[in-house]
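Listed below, chain by chain, are the residues.
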Amino acid sequence: METLAMHISNGIINGPVAAVFAVIALAAMAYCVMRGRQDLDDRLAPMAGLVAAFIFAVQMLNFPIFTAGVSGHLLGGALAAMLVGPWVGALCVAVVLVVQALVFGDGGVAMLGLNITNMAVIGIAVAYLLVALLLRVLPRTPAGLAVTAFVSALVSVVVAALGFVLQYQLGGTTDLGGNLAGLAGTMAVSHLFIGIGEGLITATTVVTVAKVRPDLVYALRALKPAAPAAVPTVGGVR
């Protein structure tokens, strides 16, 4: 049986582009460490460990997309962003990617910067921005929380996948004959279906945690509901 490597393997993107994204990823992770220290408390620390373990497990579900060196899989970015926040969530995903590359050979070590940028930076950023937006317009009921989790997971997976397309345009080692649009379409459609599955898993998990321990859902604690608009007074009567 042919072994397929998860994420981006060595040789898919050239060295200079990989080095640039390694610097970007390193800078982003350093900033996340600085910001994440402010969030860590007795609730967040154990939850971060559980989230990292869950992400590691779901990312083992691997679907070949492009070549034997590139694959699609669940990311877990939206789940991490909602449960432990964007800063600690990005660190959780990055740690998982490092362990996978160094211990299990999933994704090239030289490509870590690319993979971390796509999944821990872009994926988390897109997911949390959507969560912040949706939680301000949707009711904070189980249904509203489920919609927020589903949409943020779905969109973040697709956008993270398209991050690879940009990286391949900058430094892909195989000539696609001008068919970059075809690659983008393949990645987007494939990860759209993956995103639907991830959205359902994320929504189910987040809603379950929120029903039992809403204080463990970072997004509910950190993102306050929008303040109601002030009602103008007329003749001293509100």
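Since we're looking at a predicted model, the values are computed, not measured.

Below, the discussion takes up the pattern of salt bridges. In the structure shown here, the tally under the stated rule is 1 salt bridge. Asp 215 is the partner of Arg 213 in a salt bridge, and the nearest nitrogen-oxygen pair spans 2.8 Å.

On to the environment of Asn 10. Looking at where Asn 10 falls in the secondary structure, it is placed in the segment before α1 (15-39). When the C-alpha atoms of Asn 10 and Gly 108 are compared, they prove to be 4.5 Å apart, with 98 residues separating the residues in sequence. Those residues in contact with Asn 10 that sit more than four places away from it in its chain are Gly 108, Val 109, Ala 110 and Met 111. Among the polar contacts made by the side chain of Asn 10, one reaches the main-chain amide nitrogen of Ala 110 at a distance of 3.2 Å.

In this section: a nonpolar patch on the surface. On the surface, Val 95, Val 99, Leu 102, Val 103, Phe 104 and Val 109 cluster together into a nonpolar patch covering about 550 Å² of accessible area. By the element assignment, Val 95 lies in helix α4 (residues 86-103).

With that settled, the discussion passes to the side chain of Ser 152. Along the chain, Ser 152 turns up in helix α6 (residues 142-171). A polar atom in the side chain of Ser 152 sits 2.8 Å from the backbone oxygen of Thr 148. Residue contacts for Ser 152: discarding those within four places in its chain leaves Ala 78, Met 82, Ala 127, Leu 130 and Val 131.

This structure, assessed with the given rule, holds 4 aromatic pairs. Summarising the aromatic geometry, the rings of Phe 56 and Phe 104 are spaced 5.5 Å apart at their centres and angled 50 degrees between planes, so their arrangement reads as tilted. Of the two residues, Phe 56 is situated in helix α2 (residues 44-58) and Phe 104 in the loop between α4 and α5 (112-137); the sequence distance between them amounts to 48 residues. The exposure class of Phe 56 is partly exposed, given its relative accessible area of 24%. Ring geometry for Tyr 128 and Tyr 218: centres 6.3 Å apart, planes at 55 degrees, overall tilted. Of this pair, Tyr 128 sits in helix α5 while Tyr 218 sits in helix α8 (residues 218-222), and the two are 90 residues apart along the sequence. Tyr 218 carries the same exposure label as Tyr 128, and that label is buried.

Criteria and cut-off values
Residue positions are given per chain, counted from 1 along the sequence in the order it is written. The predicted origin of the model limits local features to residues at a pLDDT of at least 70 and limits the giving and counting of side-chain atom pairs to 80 or more, whereas totals for whole chains, interfaces and linings rest on all residues. The side-chain figures draw on all heavy atoms in the structure; neither hydrogens nor water molecules are used. Basic side-chain nitrogens of Lys or Arg form a salt bridge, by our definition, when they fall within 4 Å of a carboxyl oxygen of Asp or Glu. Each helix corresponds to a stretch of at least 4 residues labelled H or I by DSSP, and each strand to a stretch of at least 2 residues labelled E; elements are numbered beginning at the N terminus. Contact definition: two residues touch when any of their heavy atoms are within 4.5 Å. Pairs of N or O atoms are called polar contacts if they sit within 3.5 Å, as long as, within protein, a hydrogen donor faces a hydrogen acceptor (for residues adjacent in sequence, only side-chain-to-side-chain pairs). Grouping into patches uses exposed residues only, defined as over 30% relative accessible area, and leaves out salt-bridged ones; the cut-off is 9 Å for like charges and 5 Å for nonpolar side chains (Val, Leu, Ile, Met, Phe, Trp, Tyr). Residue exposure ignores everything except the shown protein chains as possible cover, and the areas themselves are Shrake-Rupley values with a 1.4 Å probe. Any two of the Phe, Tyr and Trp rings considered here, Trp counted by its six-membered ring, make a pair once their centres fall within 6.5 Å; the pair's planes then place it as stacked at under 30 degrees, edge-to-face at over 60, or tilted in between. A 1.4 Å probe rolled over the protein chains alone gives each residue an accessible area, and that area as a share of the maximum for its type sets the label: buried under 20%, exposed over 50%, partly exposed in between.

The values are spatial; any link to function lies outside them.
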